[in-house]
Amino acid sequence: MTVPTRSRRFSRALEVQEAVKEIIVRRGLVAGDPLPTESELMQELDIGRNSVREALKALQAVGIVDIRHGFGMFVGQMSLNGLVDELAFHSRITPQDEPSHLAHLTEIREILENGLARRLIDRHSGADLEGLLSPVREVIEQMEAEALVGAVSPETDRLFHDLLYRPLGNPLVGQLLGAFWQVYHQLSDDLGTPDESPAYVARKHRDIYAAVVTGDRAAVEAAMRAHFAGIHARLARLRRD
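Residues numbered from 1 in each chain as written. Predicted model: local features only at pLDDT ≥ 70, side-chain atom pairs only at ≥ 80, totals over all residues. Heavy atoms only, no water.

Q: How would you sum up the layout of surface pockets? Please name residues and give values.
A: Unfilled space is identified by rolling a water-sized probe across the atoms. When its volume is computed, the largest pocket comes out at roughly 550 Å³. Lining the largest pocket are 27 residues, with Asp 157, Tyr 184, Pro 194, Val 201 and Arg 234 positioned closest to its centre. Broken down by secondary-structure element, the contributors of at least two residues to the lining of the largest pocket are helix H8 (154-164), helix H9 (171-186), helix H10 (188-191), helix H11 (198-213) and helix H12 (217-240). Looking at side-chain class alone, the lining of the largest pocket contains eleven nonpolar, ten polar and six charged residues. (1 Å grid on protein atoms, 1.4 Å probe; cavity = no way out; pocket = protein on both sides within 12 Å on 5 of 7 lines; lining within 4 Å. Points joined across faces, edges and corners; volume = space filled by probe spheres on them. Helix = DSSP H or I, 4+ residues; strand = E, 2+ residues; numbered from the N terminus. Nonpolar A, V, L, I, M, F, W, Y, C, P; charged D, E, K, R; others polar.)

So, in structure tokens, the structure goes:
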């Protein structure tokens, strides 16, 4: 049986992409390292320029290759931007009578943050944890100052969650929470105005911080539940409307 031309081209494109990834792995390259030029890849892989360019564009789309015009090609930094855009888009087209992807994502984030906070308590305690989280305390003070004159900025809110889990030393935590944050704020206009006052928002973040520092797991869960209650309420209202 003859394989259709389109299928052969598709298979060939995937083969070239895998070959480029294998070069990265075999040479021990890491994010930011320069890649071979198009001409070098053509020679090493024994393929034409169009096939190389097609493969590089596909790898660029998923963040594996970073093409900087005028500078060259590099191994890309890990990014969840594609996931963010897809989740935001599909949340907008979810049927009104069904929970949106954002509702499911919010549930996952709440579960994740509860677990991360408990992990902090397990690994650190007392004065040690309070010292590690001193930057978080400063962000809370910034939140409270912002609440007095208007609203807590999204950037300050994001910084709180980023700094809270930084002592765990897991770089993927920041990536995942950043992705959740980006989806939420892409859709913030669709969700309408928050019900909570800025002062309440700042207080709920302080409650999370205080529960973690004192090592009170039950208080952590209660504070997280209160923190996410406003988002859940807005999502429920959106479905009713």
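Q: Please provide a residue-by-residue account of the nonpolar core, values included.
A: Within the largest apolar cluster, 43 residues are counted, with the highest numbers of intra-cluster contacts made by Leu 133, Val 136, Phe 160, Leu 164, Tyr 165, Val 183 and Val 212. For this core, the secondary-structure elements that each account for two or more residues are helix H4 (81-92), helix H5 (101-123), helix H7 (134-149), H8, H9, H11 and H12. When residues in this core are grouped by element, the largest group, seven residues, is from H5. Look past the residues within four positions of Leu 133 in its chain and what remains in contact with it is Leu 163, Leu 164, Pro 167, Tyr 209, Val 212 and Val 213. (Core = buried A, V, L, I, M, F, W, Y, C linked by side-chain atoms within 4.5 Å. Buried < 20%, exposed > 50% of the residue type's maximum accessible area, 1.4 Å probe, protein only. Contact = heavy atoms within 4.5 Å.)

Q: Now, about helix H3 (residues 49-61): what can you tell me, with residues and values included?
A: Helical geometry note: an α-helix holds 3.6 residues per turn, so side chains three or four residues apart project in the same direction. Relative to the 18 Å expected for 13 residues at 1.5 Å per residue, H3 spans 18 Å between its end C-alpha atoms, a close match to the ideal helical length. Looking at H3, one finds that the buried residues are Val 52, Ala 55, Leu 56 and Leu 59. Relative to the axis of H3, the buried residues are bounded by an arc of 100° and lie together on one face. Away from its buried face by more than 90 degrees, H3 exposes Asn 50, Lys 57 and Ala 61. Just downstream of H3 lies Gly 63, where phi reads positive at about 85°. (Expected span 1.5 Å × (residues − 1). Arc of directions from axis to C-beta.)

Q: Summarise the environment of Ile 108; cite the residues concerned and give the values.
A: On the secondary structure map, Ile 108 appears in helix H5. Placed 72 residues apart in sequence, Ile 108 and Phe 180 show a C-alpha to C-alpha distance of 9.5 Å.

Q: Requested: an account of the pattern of salt bridges, with residues and values cited.
A: Counted according to the given criterion, the structure contains 13 salt bridges. The residue Glu 44 makes a salt bridge to Arg 27 at a minimum N-O spacing of 2.6 Å. You can see Glu 44 sitting in helix H2 (residues 38-45) and its partner Arg 27 sitting in the loop between helix H1 (5-26) and H2, a full 17 residues away along the chain. A relative accessible area of 43% means that Arg 27 is categorised as partly exposed. With a closest N to O distance of 2.9 Å, Lys 204 and Asp 207 form a salt bridge. Of the two residues, Lys 204 and Asp 207 both sit in helix H11, three residues apart, roughly one turn of that helix. According to the relative accessible area criterion, Lys 204 is buried, its value standing at 14%. On the basis of relative accessibility, which here comes to 30%, the residue Asp 207 falls in the partly exposed class. Via salt bridges that share partners, Arg 26, Arg 27 and Glu 44 belong to a single interconnected network. (Salt bridge = Lys/Arg side-chain N within 4 Å of Asp/Glu carboxyl O.)

Q: Can you lay out the packing of H4 against H9 for me, pointing to particular residues and giving the numbers?
A: At a closest axis distance of 9 Å, the pairing of H4 and H9 adopts a crossing angle of 35°. Relative to H9, H4 is oriented so that their crossing is right-handed. Contact with H4, carried on its side by Asn 81, Val 84, Asp 85, Leu 87, Ala 88 and Arg 92, involves Ala 179, Gln 182, Val 183 and Gln 186 of H9 and no other residues of that element. (Axes fitted to C-alpha atoms, helices over the stretch in contact; angles between N-to-C directions. Left-handed = near helix turned anticlockwise from the far one by under 90°.)

Q: Lay out the pairing of strand E1 (residues 65-68) in plain terms, naming residues and giving numbers.
A: Every second residue of E1 is oriented toward a common face, the buried set being Val 65 and Ile 67 and the non-buried set Asp 66 and Arg 68. Bridging between E1 and strand E2 (residues 72-75) involves four bridges; their strand directions are antiparallel. Paired with Ile 67 across the strands is Met 73, a residue of E2. Once E1 ends, the chain turns through three residues before running back antiparallel as E2, passing Gly 70 with a positive phi of about 90°. (Pairing = 2+ DSSP bridges.)

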